[in-house]
Amino acid sequence: MARRNRKKSTGGYIFPVPFAALLVLASILALCYLWLDGRCEALAKELKALEAEKETLRQRCATEEGRWAKMKTPPSIEEALLRHNMKMFRPDEKHTVRVYEVN
């Protein structure tokens, strides 16, 4: 019978399985953390852009409300009527109908 080579072993693993599983799990967790961090940064940029747009729209709304309030004043209305060559006047008391709320 041939002698068995003691230096050549057939049993066991070169790399321990629990340590390999731990490395795979750690790498998966690291990739998930990187993806989550990138997603949070993208959402933060989008939120910042939307907040800037909201502020711009708020300023435009305030400006337009001011312009509208200025246009509704009686002198401004009279000026617009003259500019468009429209002759309007307030009705007399006999041409008005008063409507009262009945409870």
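Residues numbered from 1 in each chain as written. Predicted model: local features only at pLDDT ≥ 70, side-chain atom pairs only at ≥ 80, totals over all residues. Heavy atoms only, no water.

Peer 1: Before we go on, may I ask you to explain the overall build of the chain in this structure?
Peer 2: A tally of helices and strands in the chain yields two helices and zero strands. Relative to the 2.2 N^0.38 estimate, which gives 13 Å for 103 residues, the radius of gyration of the chain is 41 Å and therefore markedly larger than a compact globule would have. In the structure as shown, the chain presents an accessible area of about 11200 Å², 63% of it carried by carbon and sulfur atoms. One way to put it: in the chain the 19 positive side-chain charges average out to a point 20 Å from where the 13 negative ones average out. (Helix = DSSP H or I, 4+ residues; strand = E, 2+ residues; numbered from the N terminus. Rg over C-alpha atoms; globule rule 2.2 N^0.38 Å. Areas by Shrake-Rupley, 256 points an atom, 1.4 Å probe, with all protein chains shown as cover. Lys, Arg positive; Asp, Glu negative; His and termini not counted. Charge placed at Lys NZ, Arg CZ, Asp CG, Glu CD.)

Peer 1: What is the right way to look at the pattern of salt bridges in this model?
Peer 2: Applying the stated criterion to the full structure yields four salt bridges. For R67, the salt bridge is made with E64, and the minimal N-O distance between the two is 3.1 Å. On the criterion of helical spacing, the pair formed by R67 and E64 is a turn pair, its members being three residues apart in helix 1 (residues 17-71). What makes E64 partly exposed here is its relative accessible area of 44%. (Salt bridge = Lys/Arg side-chain N within 4 Å of Asp/Glu carboxyl O. Buried < 20%, exposed > 50% of the residue type's maximum accessible area, 1.4 Å probe, protein only.)

Peer 1: Explanation requested: the layout of surface pockets in the structure shown.
Peer 2: Here the idea is plain: a probe the size of a water molecule rolls over the atoms and shows the empty space left. In this structure, the largest pocket spans a volume of roughly 220 Å³. Together, P74, I77, E78, L81, M88, F89 and R90 line the largest pocket. Its residues assigned to classes, the lining of the largest pocket shows five nonpolar, no polar and two charged. (1 Å grid on protein atoms, 1.4 Å probe; cavity = no way out; pocket = protein on both sides within 12 Å on 5 of 7 lines; lining within 4 Å. Points joined across faces, edges and corners; volume = space filled by probe spheres on them. Nonpolar A, V, L, I, M, F, W, Y, C, P; charged D, E, K, R; others polar.)

Peer 1: Hey, could you run me through a nonpolar patch on the surface in this one?
Peer 2: Taken together, I14, F15, F19, L22, L23, L25 and L29 make up a surface patch of nonpolar side chains, about 780 Å² in accessible area. Looking at where I14 falls in the secondary structure, it is placed in the segment before helix 1. Overall, the relative accessible area of 90% leaves I14 in the exposed class. (Patch = residues over 30% accessible without salt bridge, like charges linked within 9 Å, V, L, I, M, F, W, Y side chains within 5 Å.)

Peer 1: Help me out: how do you make sense of helix 2 (residues 74-83) in this one?
Peer 2: One turn of the α-helix equals 3.6 residues, which is why residues spaced by three or four share an orientation. When you tally the buried positions in helix 2, you get zero out of ten residues, a small fraction of the element. Within two residues after helix 2, N85 carries a phi angle of roughly 55°, on the positive side.

Peer 1: Can you help me understand the environment of L43 in this one?
Peer 2: Within the element layout of this structure, L43 appears in helix 1. Expressed as a C-alpha distance, the spacing of L43 and F15, which sit 28 residues apart in the sequence, is 41 Å.

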